[in-house]
Amino acid sequence: MSENSHTTGKRILLESITKTYSGQSTPAVNDVTMEFAAGEITMLVGPSGCGKTTTMKMINRLIEPTSGRILIGDEDVTNVDPDALRKRIGYVIQGAGLFPHFTVGNNVGLVPKMLKWDKKRIAARTDELLELVGLDPADYRDRYPGELSGGQQQRVGVARALAADPPVLLMDEPFGAVDPITRQRLQDELLRLQEELGKTIVFVTHDFDEALKLGDKIAILDQGSKIVQYDTPEHILAEPNGEFVEGFVGAGATLKQLTRARVRDIELHEASVAHVGDDSEIALKGVRDIGRKHAIVLDDHERPLRWMSLKELGQQNLLDNVRKDPELEAVTLNSSLNDVLDTMLTSSHGVVVVTGRRNAYQGVVRVETVMDAIRSMRAEGAASSRLGESV
Ligand code: ADP
Ligand code: MG
């Protein structure tokens, strides 16, 4: 797998673009000028019908602008061949939009095939990408989309969009149709991918919390894709521009900082760890020595399987055959503290397991750590509002 920590993305510049659909008097997108920085994730947030999808589709020329121009890097793409352009722009939509009669592998290899790569290269690239999005190629490449869960289909959609290594990725409410836990995982995966790939990503959502979690920048849009505020999440939370933006931020802007804080930014703790196949006497001693009542059992790839109590550990040979607890919820290093809180509420342990690459165990987050984070945010929030009053 390639390990790029540098920016491979190119900036996108919209210059006075307008789209008026035929037969309509008001433009769907009205004279918008906006730049998406190279290698960053920009979130577009706005009410339904304000022109987000139209804006996205003008970037990859699924829709032709009525006027204005679009540059990717320094190239004016307003007049290049749209088919060729779309092979250089990844596009992910809600429901993934996979071809149901194509295998997963053929869906991912679609653009490389259109680009006439040879078969061997396509196969290698397809496997690389499935692995990148967390799907075992041997398991998934020959299946059909209908056999996959919504979240897995969405991963395939992301793999397909990345196939020809485009500098630009457009994502239009990609995670809108999956359940909240799957959405959280997909968001975490996207952040991890982005650390490696450094693409220019434009991501539409109507979920402001999703925008806070994923965005390097957020553009809040009103009718006609009019920019009401375009800034970092921190600045938007601290100084929302008027009632319209406040409506998105909602109550509790201070607590929303929890959506910006990542697990990787806080201190992890060590749980007592046991491995499948360990001697239960030794495992027990390990737990008692550090004054714990439970151990997290890991498989031979360091992946967490389940918590075990002292009593369970004391039962002979129980560690020989440990099955994964389907209820075990883990967060990743890219999860937000908000995700951690959500997960804690459904767990009975007061700690949440953290996993990293390939779902390997990294440590645990304790409820106290999250509480400390909230307290310091409150203190900072209070300090800045006092500052505001005195100015
Ligand atoms: P959003 O993605 O923000 O919900 P859209 O870009 O889909 O908004 O739509 C913006 C406006 O353009 C809406 O008023 C919508 O009804 C209109 N619109 C979208 N697509 C078409 C179309 N193909 N023909 C005519 N009007 C359209
Ligand atoms: Mg839309």
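Before any of the text, the structure's been laid out above.
Residues numbered from 1 in each chain as written. Chains lettered and ligands numbered in written order. Predicted model: local features only at pLDDT ≥ 70, side-chain atom pairs only at ≥ 80, totals over all residues. Heavy atoms only, no water.

Give a description of the environment of P47 that names residues and reports values.
For P47, the position within the fold is in the loop between β3 (41–45) and α1 (52–59). Distance from P47 to K324, taken between C-alpha atoms, is 42 Å for residues 277 residues apart in sequence. Not counting residues within four places of it along the chain, the set of residues in contact with P47 comprises K52, L221, D222, Q223, F244 and F248. (Helix = DSSP H or I, 4+ residues; strand = E, 2+ residues; numbered from the N terminus. Contact = heavy atoms within 4.5 Å.)

Any details on the sheet that holds β3? Residues and values, ideally.
Note on sheets: strands pair through backbone hydrogen bonds, and any given pair is parallel or antiparallel. What the six strands build is an open sheet, ordered β6-β7-β8-β3-β9-β10; its pairing is mixed. At either end of the open sheet lies a strand with only one pairing partner, and these are β6 (89–93) and β10 (226–231). Strand after strand, the sheet turns through a mean of 15 degrees between neighbouring axes, direction not considered. With four bridges connecting them, β3 and strand β9 (residues 217–222) associate as parallel partners. Bridge pairing in β9 places T42 opposite K217. Here helix α8 (residues 180–197) sits on the sheet in contact with β3, β7 (168–172) and β8 (200–205), set at roughly 165 degrees to β8. (Pairing = 2+ DSSP bridges. Axes fitted to C-alpha atoms, helices over the stretch in contact; angles between N-to-C directions.)

I'd like a rundown of the layout of surface pockets, residues and numbers included.
Counted as a void, the largest pocket has a volume near 1300 Å³. Taken together, 40 residues line the largest pocket, and the ones lying closest to its centre are G134, R155, E189, R358 and N359. Residue assignment for the lining of the largest pocket shows that the elements contributing at least two residues are α5 (119–132), α6 (137–140), α7 (150–162), α8, β13 (304–309) and β14 (330–332). With eight residues, the top contributor of residues to the lining of the largest pocket is α8. Its volume calculated, the second largest pocket comes out at about 430 Å³. Taken together, 19 residues make up the lining of the second largest pocket; nearest its centre are R86, I89, Y91, V111 and M114. Secondary structure elements with two or more residues in the lining of the second largest pocket: α2 (82–87), β6, α4 (110–114) and α7. Among the elements that make up the lining of the second largest pocket, the one with the highest residue count is β6 (four residues). Its residues assigned to classes, the lining of the second largest pocket shows 12 nonpolar, three polar and four charged. (1 Å grid on protein atoms, 1.4 Å probe; cavity = no way out; pocket = protein on both sides within 12 Å on 5 of 7 lines; lining within 4 Å. Points joined across faces, edges and corners; volume = space filled by probe spheres on them. Nonpolar A, V, L, I, M, F, W, Y, C, P; charged D, E, K, R; others polar.)

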